[in-house]
Amino acid sequence: MTSPGRPRRKATVRVGVALAALLATLVLAACGSGIEGPVTVTVSKVALEKKASGDLVISNWPLYIDKKTVPNFEKATGVSVEYKEDINSNEEFFNKVQPQLTNGESGGRSIMVLADYMVAKMIKLGYLEELNHAALPEVKANLAKNLRHVPFDPERQYSVPWQSGMTGIIVNKDKAPDVHSICDLFNPKYKGKVDLLNEVRETVPLVMKCEGVDPEQATEADWMKAIEKIKGAVSDGQISRFTGNDYAQDLTSGNAVAVMGWSGDAVQLQADNPNLEWRMPTEGCMLWSEDMIIPVGAPNPTAAEAFMNYVYKPEVQANIAAYVNYVTPVEHVQEVLKKTEPEVAENDLIFPSAAFTKNCSPTPTLEGNEEKNVLKAFDEVLNG
Amino acid sequence: MIDAIRRRIPAYLLLAPGTLWLVIFFVIPLYFMAKLSLDTEIPGTLHYQFNWHWANYKEALELYDTQFFRSFFYAAVATLLCLVIAYPLAYVIAFKAGKWRNLMLFGVVAPFFTTYLIRTLAWKTILADESPVTEILHAIGLAPSGHILYTGFAVIAGITYNFLPFMVLPLYASLERIDVRVLEASKDLYASAPSTFLKVTFPLSLPGVVAGTLLTFIPAVGDYVNAEFLGGASNSMIGNVIQRLYLTQSNYSSAAALSFVLMAVIMVVVIIYIRVAGSEALMGQEAV
């Protein structure tokens, strides 16, 4: 073993290790995790060019726009749009892009559409560009009055609503005729046939409503109590599972007969299966909005604002509203639709009256430690 | 001696691509994960700082022990089921299939032509509440609640189905290698068919059994697709927990810690298994 060749071999190994280490450092420097270490992001206001042009990348949820709007926008402005349907969950999408945003990069996207609470969080983290209202006259003219001043963005400096909607219950009329309230979802008659949403800010407040607690006044203890109730129902086998949009499949295949669900989905589901129906829970619903935002480092913000402005033209928005069936945040759309598609204009789920939504609550924005504790407790339920 | 080194150089060069691959895609990420698992978040910033926070490990173990046990239980049951289903199949392919052998092997591999995800989603239709399969199982008393989808049973069924080829192929490879003359000798020595199987065939196939069970068990423990689509509210496996920690709670440290614990536990289980079963398997190989 003490042969003269031995040290040399070791040397070769050492060189090899050193080379590998060198390479490793290079790779590390190249990727940079983005999660570790503080990075400061400078938020800037959108600087407008004279005319929108070039390329525009938009990230939105699936089936959240009609087929004509994007091509029409391209024709009207000459901007070339890459419209991606790559958002399936607020949290998952946020965590996917967060390492880039923290480095001040948008991953090529110029518009993202995310829920109010996520937008609130991103404003606080400094991940959004400030909008230049000079390029948004249609938004200024047509944004619904009740959405103009929201707590997380009082002057709409960062966000423009894309669509709003209601979270209530969707039932199979034949198999769950007597489910009219959130409390009814806990009726043992429907054991194992009930899905709840995996969105903590909608599911838990709805259960609070069943408990008689107003989500807007709720304390952390109220949140925990509602989560306990859900946990109990899971271990009793009452709740089959927690879903996103995929409750639709459970309803159509008969795995579930009553679920928590979104108003626009229900309108689309009903068209295929008249037995399914969205019901306003007797306790009231949850109201939410999803907003268009411009992330930091977004290329071509001028085109992004041009698009935001374009979809706020009532005749453009009418096409979107008629296709997606959610609650439109743009005024004067109902007038347009009354002429073109009167049955859409009459639909309570698309144009809900104040009386219809009188018991509904806005989706709460959780913060700080309360958010941490509530998310943790709810995730424990999701993890079974 | 210099000659000896020269002779080694090609070996090093041949190893280089593999080593490089391993370093870049395994060792380096592993280092990052280890570091991340000892980080804490600077509150409200989503930025993490390294401070030897071992409590991440303690918390991971305390909070998610149920899902840990469940993962190992599901994986173990699925592995056993795979073995029971795959062994006769591999046996037939190796010894009885004749001209059908290639076709049968193709049959085993054919599902891979469709993606894992789609195959798992297909089971949702098969096991749905109003599907004929569920109704028949209900009628003969195997599904008393009339409910299979979104239960542990569905998850185990999904894992068993998805990992079956990983059991069949190594079993087939080791069975196929058996010299038929050994089996003939056993017959000549008046051993009955069952005792030939128990004393000759099975011991000789042990390397395949060990390889197959490892190839099935290890990925099955960390699997999350089956529990995600076929499991209900009380069937999450550890993979689902890690996914949610990372993607919904932005709790990167706990997710990393949990991954390390999972890796360590699997390693211990596998080492014990190889010690016990593997040594015998090797002896079996020597007997050839």
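Residues numbered from 1 in each chain as written. Chains lettered and ligands numbered in written order. Predicted model: local features only at pLDDT ≥ 70, side-chain atom pairs only at ≥ 80, totals over all residues.

**A word on the overall build of chain B**
Thinking step 1. Looking only at helices and strands, chain B features 12 helices and 2 strands.
Thinking step 2. The order of α-helices and β-strands along chain B, N terminus first, is α-β-β-α-α-α-α-α-α-α-α-α-α-α.
Thinking step 3. Judged by the C-alpha coordinates and their principal axes, chain B covers about 75 × 75 × 35 Å.
Thinking step 4. Burial status across chain B gives 33% buried among its 288 residues.
Thinking step 5. The contacts of chain B with a sequence gap of at least 6 include a subset with a gap of at least 24, amounting to 70%. (Helix = DSSP H or I, 4+ residues; strand = E, 2+ residues; numbered from the N terminus. Buried ≥ 20, exposed ≤ 12 C-beta atoms within 10 Å, placed from the backbone. Contact = placed C-beta atoms within 7 Å.)

**Quick word on the overall build of chain A**
Thinking step 1. A count of helices and strands for chain A gives 14 helices and 10 strands.
Thinking step 2. For chain A, the residues scored as buried account for 44% of the 384 residues in total.
Thinking step 3. Considering only residue pairs separated by 6 or more positions, chain A has 79% of its internal contacts joining residues 24 or more positions apart.

**Details of the domain arrangement of chain A**
All names here are of chain A.
Thinking step 1. For chain A, the domain assignment lists domain 1 (55-158 + 294-312) and domain 2 (165-287 + 361-382).
Thinking step 2. Put simply, the middle of domain 1 and the middle of domain 2, counted by C-alpha atoms, are 28 Å apart.
Thinking step 3. With 6 residues of domain 1 in contact, the opposing surface of domain 2 contributes 4 residues.
Thinking step 4. Partitioned by chemical class, the residues of the side of domain 1 that touches domain 2 number 3 nonpolar, 2 polar and 1 charged. (Domains from an automatic or database assignment. Nonpolar A, V, L, I, M, F, W, Y, C, P; charged D, E, K, R; others polar.)

**Focus: the confidence of the model for chain A**
Thinking step 1. Scored by pLDDT, chain A has a mean of 89; 89% of the residues are at 70 or more.
Thinking step 2. When the criterion is pLDDT under 50, residues 1-6 of chain A qualifies, and its contacts beyond four places in sequence or with other chains add up to 6 contacts. (pLDDT = per-residue confidence, 0-100.)

**Topic: the nonpolar core**
Thinking step 1. Counting residues in hydrophobic clusters, the biggest one holds 106 residues, and the most contacted among them are A:Ile170, A:Ala258, A:Val259, A:Ile293 and A:Phe307.
Thinking step 2. If you count residues domain by domain, this core takes at least three from each of domain 1 (55-158 + 294-312) and domain 2 (165-287 + 361-382) of chain A.
Thinking step 3. A:Val259 has contacts with A:Ile169, A:Ile170, A:Val194, A:Asp195, A:Tyr247, A:Asp250 and A:Leu251, leaving out every residue within four places of it along the chain.
Thinking step 4. One finds B:Tyr48, B:Ala128, B:Ile242 and B:Ala257 within the second-largest nonpolar core, a separate group that totals 52 residues. (Core = buried A, V, L, I, M, F, W, Y, C linked by C-beta atoms within 7 Å.)

**Quick look at the packing of helix H11 (residues 314-324) of chain A against helix H12 (residues 333-340) of chain A**
Helix-helix packing is described using two parameters, namely the angle between the two axes and the distance between the axes.
Residues and elements named next belong to chain A.
Thinking step 1. Where H11 meets H12, the closest approach of the two axes is 9 Å, and the angle between their N-to-C directions is 70 degrees. Here H11 is positioned roughly perpendicular relative to H12, judged by the angle of their axes. As H11 packs across H12, the resulting crossing turns out to be right-handed. The residues of H12 that touch H11, namely those facing Pro-314, Glu-315, Gln-317, Ala-318, Ala-321 and Ala-322, are Val-333, Val-336, Leu-337 and Thr-340.
Thinking step 2. A breakdown of the residues in the contact of H11 with H12 according to their chemical character gives 7 nonpolar, 2 polar and 1 charged. (Axes fitted to C-alpha atoms, helices over the stretch in contact; angles between N-to-C directions. Parallel < 35°, antiparallel > 145°, perpendicular 65-115°, else oblique. Left-handed = near helix turned anticlockwise from the far one by under 90°.)

**Examining helix H4 (residues 116-125) of chain A**
Residue and element names in this part refer to chain A.
Thinking step 1. Buried residues dominate H4, accounting for 7 of its 10 residues.
Thinking step 2. On its buried face, H4 sits against helix H3 (90-101), strand E3 (111-115), strand E4 (159-172), helix H6 (200-210) and strand E9 (286-293).
Thinking step 3. Gly-126 sits one or two residues past H4 and shows a positive phi near 75 degrees.

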